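These are the residues of each chain, in order.
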Amino acid sequence: MGQYLSHTFFHPQTGHPNLKVLTFNTIILLGIYANQRLFSISLIKDDSMSPYLLNSTFLSDLVWYHKYSPPTEKLRNKIVAVRDPFGKGIIFRRVIAEEHQWVQRMDDGGIIKVPQGHVWIECENPDGRKIDSLSPELNGPISRKHVLGPCERIIWPIWRCTSFSDMNKFSVLFGDKKPRHSQMYTSQQMYDKYGLQ
Amino acid sequence: MSSLLRNLFSKHPEVVSTVKSTARDTYIALCLTGQLLTLAYLFDRYLFRLVGVKGPSMLPTIGERNNLLLLDCFTYAFLRSPQKNDIVVAENPFKPGHTLVKRVLYVEGEMAEVMDQRSQAYVSVVVPKGHVWIEGDNKSNSRDSRDFGPISVNLVDGVVRARVWPWELRQRLD
């Protein structure tokens, strides 16, 4: 075993290190690091973000997302990858408001201030949610720690490869039924409107 | 510029071999450094690490200042989920970058009793799936699940196994 290892990592004749094996191992380890820290890919499992992100039996979208997002990054109106707080999966949602902004909920009209360290997330298509996805009560604030990072591209299927920055072309598919989102107000707007601070 | 170099290298072959071997040594060093840093990161995240904590919320178990704790990340990553009476280090959901060191009191499915601020009465909260209820040992001076509710297991970094520093107070399984 020791001889096998030493013959793999070093040339037996010269004793020089085997650069091909070294490069291969380095690439593997750096790939593991990139997958853990920088970006990753995930399949779509339900229709909660249709028609931007589609799900089907054989050809669900494969999304490439960033795993690193500094706390000061502005994520408003972006589709982000979120770690499911109730389990181990990855869910995709749109960020409506960030911390210390106010949100007027679309179901009952109540106005809530997003707590410190949280963001308000919502899906595009509430009817397309599966049972174990984030439930309607939690179309709301979630800790910033659960939000992994903004999504970059769809990489599969090939005919749906688009960057997320030009996803707006799919909005024509909504027609009359545009997705309703809660309304966001900044602190300045709340102060001007209601005198609240 | 490149013709000058080509000229130099054709007239002095020993310079070429020195440059080549130095380049190869540098490349090997860079590869090994990259591998070492990645392995150190994976070790840190999935095996164990030392964390420095301070604060009065876990008195008398963990003192108020200058503690170094051995944090075991392997258990929660591969073996089991948090159990009752584990001391865990978790990320603060309200303050990104800050950590909490508290004890797990209730796991998913159990009912936690907490005094509700608004109605000034005891209410029962069911800990949802994938969440834990954490409280500090020093109940009078601890911001924990009694204030912000159960936290997700995804925010829990690992279980504390021992206090390593101060050396005189080292002990296992705080």
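Conventions we followed
- Residues numbered from 1 in each chain as written.
- Chains lettered and ligands numbered in written order.
- Predicted model: local features only at pLDDT ≥ 70, side-chain atom pairs only at ≥ 80, totals over all residues.
- Heavy atoms only, no water.
- Salt bridge = Lys/Arg side-chain N within 4 Å of Asp/Glu carboxyl O.
- Helix = DSSP H or I, 4+ residues; strand = E, 2+ residues; numbered from the N terminus.
- Buried < 20%, exposed > 50% of the residue type's maximum accessible area, 1.4 Å probe, protein only.
- UniProt positions renumbered as here; feature names shortened; annotations may be inferred.
- Contact = heavy atoms within 4.5 Å.
- Polar contact = N/O pair within 3.5 Å; in protein donor to acceptor, adjacent residues only side chain to side chain.
- Domains from an automatic or database assignment.
- Buried area = accessible area lost by both parts, 1.4 Å probe.
- Nonpolar A, V, L, I, M, F, W, Y, C, P; charged D, E, K, R; others polar.
- Phe/Tyr/Trp six-rings, centres within 6.5 Å; stacked < 30°, edge-to-face > 60°.

Chemist: When you look at the pattern of salt bridges in this model, what are you seeing that I'm missing?
Modeler: Between side chains of opposite charge, a pair can form as their charged atoms come close. By the definition in use, this model includes ten salt bridges over all chains. Close ionic contact of Glu91(B) with Lys145(A) constitutes a salt bridge, the shortest N to O distance being 3.8 Å. Here Glu91(B) is found in strand β3 (residues 87-91), whereas its partner Lys145(A) is found in the loop between β8 (141-143) and β9 (147-156) on a different chain. Relative accessible area serves as the criterion here: at 18%, Glu91(B) is assigned to the buried category. Arg146(B) serves as the salt-bridge partner of Asp144(B), at 3.0 Å between the closest nitrogen and oxygen. Residue Asp144(B) is classed as buried on the basis of its relative accessible area of 0%.

Chemist: For this particular structure, what's the right way to read the UniProt feature "active site" (unreviewed entry) in chain B?
Modeler: Residue and element names in this part refer to chain B. Annotation from UniProt places "active site" (unreviewed entry) at Ser 57 and Lys 102. Spatial clustering of the annotated residues is evident: they stretch over 46 residues in sequence, but the largest pairwise C-alpha distance comes to 7.7 Å. Along the chain, Ser 57 falls in the loop between β1 (48-53) and β2 (67-72). Each residue touching Ser 57, except ones within four places of it in the same chain, is listed here: Val 101, Lys 102, Gly 136, Asp 137, Asn 138, Asn 141 and Ser 142. Within the structure, Ser 57 has its side chain in polar contact with the side chain of Lys 102 (distance 3.0 Å). Along the chain, the position of Lys 102 falls in strand β4 (residues 99-106). Beyond its immediate chain neighbours, meaning those up to four positions away, Lys 102 contacts Ser 57, Met 58, Asp 86, Ile 87, Val 88, Ile 134, Glu 135, Gly 136, Ser 142, Arg 143 and Asp 144.

Chemist: Got a minute to help me understand the domain arrangement of chain B in this structure?
Modeler: Residue and element names in this part refer to chain B. Taken domain by domain, chain B consists of domain 1 (2-46) and domain 2 (48-172). Every contact between the two is made by four residues of domain 1 and, on the other side, six residues of domain 2. The junction of domain 1 with domain 2 conceals about 460 Å² of combined surface from both sides, 53% of it contributed by carbon and sulfur atoms. Broken down residue by residue, the surface that domain 1 buries against domain 2 is led by Phe 43, Asp 44 and Tyr 46, which jointly contribute 89%. Linking domain 1 with domain 2 are one salt bridge. Between Arg 49 and Asp 44 there is a salt bridge, with its nearest N and O atoms 3.8 Å apart. Inspection of the domain 1/domain 2 interface yields three residue pairs in polar contact (both at pLDDT 80 or more). When the residues that make up the side of domain 1 that touches domain 2 are grouped by side-chain class, the tally is two nonpolar, no polar and two charged.

Chemist: How do you make sense of the packing of aromatic side chains when you look at a structure like this?
Modeler: For any pair of aromatic rings, geometry is given as the distance between the ring centres together with the angle between the planes. Inspection of the entire model under this criterion finds seven aromatic pairs over all chains. When the ring of Tyr33(A) is compared with that of Tyr41(B), the centres are 5.1 Å apart and the planes differ by 80 degrees; the resulting orientation is edge-to-face. Here the residue Tyr33(A) occupies a position in helix α2 (residues 19-37), and Tyr41(B) occupies one in helix α2 (residues 13-46), the pair thus bridging two chains. Owing to a relative accessible area of 27%, Tyr33(A) belongs among the partly exposed residues under this scheme. A relative accessible area of 15% means that Tyr41(B) is categorised as buried. Ring geometry for Phe74(B) and Phe78(B): centres 5.1 Å apart, planes at 50 degrees, overall tilted.

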